[in-house]
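Observations on chain architecture
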Amino acid sequence: MMMCKEATRLMSLKQDRPLTFQERVSLRLHLSMCSACRECDRQFTLLHEAGKRFGPEHDPEQDDDGR
């Protein structure tokens, strides 16, 4: 069975590229049994989405007054 350290590596990796079939299956199996890693996966996804939304092209100073 996969250890949490490897699961965390795959969770991070899946934010950058699609996982292989074997990686996906192994990660899903681990996540089905490990609530700590499920929470970690949720947080990785949240951070990735926030990074895309507020990435380098986002300038919060231009949101309200258009300067």
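As the structure is a prediction and not an experimental result, all values here were calculated from the model.

A separate point is the overall build of the protein chain. Looking only at helices and strands, one finds four helices and zero strands in the protein chain. Starting at the N terminus and walking to the C terminus, you meet the elements of the protein chain as α-α-α-α. Expressed as a percentage of the 67 residues in the protein chain, the buried residues total 21%. In the protein chain, the proportion of contacts linking residues at least 24 apart, taken out of those at least 6 apart, comes to 54%. Taken as a whole, the protein chain presents about 5400 Å² of accessible surface, with 56% of it coming from carbon and sulfur.

Turning our eyes to something else, we now look at a nonpolar patch on the surface. A contiguous nonpolar patch, built from Met1, Leu29 and Met33 and spanning about 370 Å² of accessible area, is present on the exposed surface. Within the fold, methionine 1 resides in the segment before α1 (4-13). In this structure methionine 1 comes out as exposed when scored by relative accessible area, which is 72%.

Moving on: the pattern of salt bridges. Under the criterion given, the structure shown has five salt bridges. Glutamate 6 is the partner of arginine 9 in a salt bridge, and the nearest nitrogen-oxygen pair spans 2.8 Å. Here arginine 9 and its partner glutamate 6 are both found in helix α1, three residues apart, which amounts to about one turn of the helix. The exposure class assigned to glutamate 6 is partly exposed, which follows from its relative accessible area of 31%.

About the criteria used
- Residues numbered from 1 in each chain as written.
- Predicted model: local features only at pLDDT ≥ 70, side-chain atom pairs only at ≥ 80, totals over all residues.
- Heavy atoms only, no water.
- Helix = DSSP H or I, 4+ residues; strand = E, 2+ residues; numbered from the N terminus.
- Buried < 20%, exposed > 50% of the residue type's maximum accessible area, 1.4 Å probe, protein only.
- Contact = heavy atoms within 4.5 Å.
- Areas by Shrake-Rupley, 256 points an atom, 1.4 Å probe, with all protein chains shown as cover.
- Patch = residues over 30% accessible without salt bridge, like charges linked within 9 Å, V, L, I, M, F, W, Y side chains within 5 Å.
- Salt bridge = Lys/Arg side-chain N within 4 Å of Asp/Glu carboxyl O.

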